Amino acid sequence: MTRRIVLVDDHTLFRNGLRGLLERQEGYRVVGEAGSGEEFLALLDTLEADVVFMDFSMPGLDGAQTTERALARRPGLRIITLSMFGEESYYSRMVEAGARGFLLKDSDIGDVLEAVETVMEGGSYFSPQLLSSLTGRMRSREDAADDQLSSREREILVAVCRGLSNQEIADELFISKRTVDKHRANILEKTGCKNTASLVVYAIRNGIVEL
């Protein structure tokens, strides 16, 4: 099945490069491009797309505003944010707008394809380099304002923010993966989060981890 991709970025050279990388892969086709949020929204009704790569920093409508408006019209779109290091303050806005993934602009093609496949399967994708950069500067806080999570749930949430899998968390805490699975499900239910990206933003906002 061919993955139909749209590129939204105000830098033509970057779009050309990403298009070239994607179209050299079997089963991937770029079906549209836009140099601004306004241009993308104008084309939206004519595009048959599966995944949209959305730059955050654009003149006029930014990535969050464009994402919110696009999803209001086409709820089924899967939008992956394109970002640079140093733009961490924008992630919560993109999560709230409905973005399903976060990818660094200098990611290799393997990460790009993994991001596409992950969101196509209904998941969320957080670039490993981006998550490592973001959480590598975090530290757990004992005086966090949020009190709806138990101490074990907070411990597991911090581990999630560090990019650990459920099995890795289980190994680190000397508990079973099944126990971690149950705690993680409880954390999602209590916080109202849907994926790892939103959990990271929740943890930052509530002072559970600190940049």
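Residues numbered from 1 in each chain as written. Predicted model: local features only at pLDDT ≥ 70, side-chain atom pairs only at ≥ 80, totals over all residues. Heavy atoms only, no water.

*Asks:* Can you help me understand the side chain of Arg15 in this one?
*Replies:* One can find Arg15 in helix H1 (residues 12-23). Accessibility expressed as a relative area gives 12% for Arg15, which makes it buried. At 2.6 Å, the side chain of Arg15 forms a polar contact with the backbone oxygen of Asp9. Apart from residues no more than four positions distant in its own chain, Arg15 is found in contact with Leu7, Asp9, Asp10, Glu33, Ala34 and Gly35. (Helix = DSSP H or I, 4+ residues; strand = E, 2+ residues; numbered from the N terminus. Buried < 20%, exposed > 50% of the residue type's maximum accessible area, 1.4 Å probe, protein only. Polar contact = N/O pair within 3.5 Å; in protein donor to acceptor, adjacent residues only side chain to side chain. Contact = heavy atoms within 4.5 Å.)

*Asks:* Sorry, what's going on with the sheet that holds strand E2 (residues 28-34) here?
*Replies:* The strands making up a sheet associate through hydrogen bonds between their backbones, and the pairing can be parallel or antiparallel. Across the sheet, which stays open at both edges, the six strands sit in the order E2-E1-E3-E4-E5-E6 with parallel pairing between neighbours. Single-partner strands in this sheet number two, and they are E2 and strand E6 (125-126). Both strand E3 (residues 51-55) and strand E4 (residues 78-83) contribute to a ladder of five bridges, which runs parallel. Paired with Val51 across the strands is Arg78, a residue of E4. (Pairing = 2+ DSSP bridges.)

*Asks:* Any chance you could explain the packing of aromatic side chains here in plain terms?
*Replies:* For any pair of aromatic rings, geometry is given as the distance between the ring centres together with the angle between the planes. Inspection of the entire model under this criterion finds zero aromatic pairs. The ring of Phe14 is capped by Lys105, whose NZ or CZ atom sits 5.0 Å from the centre of that ring. (Phe/Tyr/Trp six-rings, centres within 6.5 Å; stacked < 30°, edge-to-face > 60°. Lys NZ or Arg CZ within 6 Å of the ring centre and 35° of its normal.)

*Asks:* Would you mind showing me how to read helix H10 (residues 196-205) here?
*Replies:* The periodicity of an α-helix, 3.6 residues per turn, causes residues three or four places apart in sequence to face the same way. Among the ten residues that make up H10, seven are buried, leaving the element largely enclosed by the rest of the structure. Inspection of H10 places Ala197, Ser198, Leu199, Val200, Val201, Tyr202 and Ala203 among the buried residues, and these make up the whole buried set. Two residues or fewer past H10, Gly207 is found with a positive phi of approximately 75°.

*Asks:* How should the side chain of Thr67 be read in this particular structure?
*Replies:* As for its position among the elements, Thr67 is in helix H3 (residues 63-73). Excluding residues within four positions of it along the chain, Thr67 makes contact with Met54, Ile79, Met94, Ala97, Gly98 and Ala99.

*Asks:* Explain the state of the cysteines here, please?
*Replies:* What is meant by a disulfide is a covalent connection between two cysteines, made through their sulfur atoms. For the structure shown, the criterion picks out zero disulfides. The thiol sulfur of Cys161 is not disulfide-bonded, and the nearest other cysteine sulfur, from Cys193, lies at 9.4 Å. Exposure remark for Cys193: the relative accessible area of 12% places this residue in the buried category. (Disulfide = S-S within 2.5 Å.)

*Asks:* Explain unusual backbone geometry here, please?
*Replies:* Peptide bonds are trans in most cases, and residues, glycine excluded, mostly fall at negative phi. Here Phe174, not a glycine, exhibits a phi torsion of approximately 60°, which is positive. Within the secondary structure, Phe174 sits in the loop between helix H8 (166-173) and helix H9 (177-191).

*Asks:* Help me understand the nonpolar core, please; the structure alone is not making it clear to me.
*Replies:* If you look at soluble globular proteins, the nonpolar side chains tend to sit buried side by side. By size, the foremost hydrophobic cluster in this structure holds 20 residues, and its most contacted members are Leu157, Ile169 and Ile208. Broken down by secondary-structure element, the contributors of at least two residues to this core are helix H7 (151-161), H8, H9 and H10. Examining the composition of this core, we find that six residues originate from one element, H7, more than from any other. Ranked by size, the runner-up nonpolar core spans 18 residues in total, among them Leu22, Tyr28, Val30 and Phe53. (Core = buried A, V, L, I, M, F, W, Y, C linked by side-chain atoms within 4.5 Å.)

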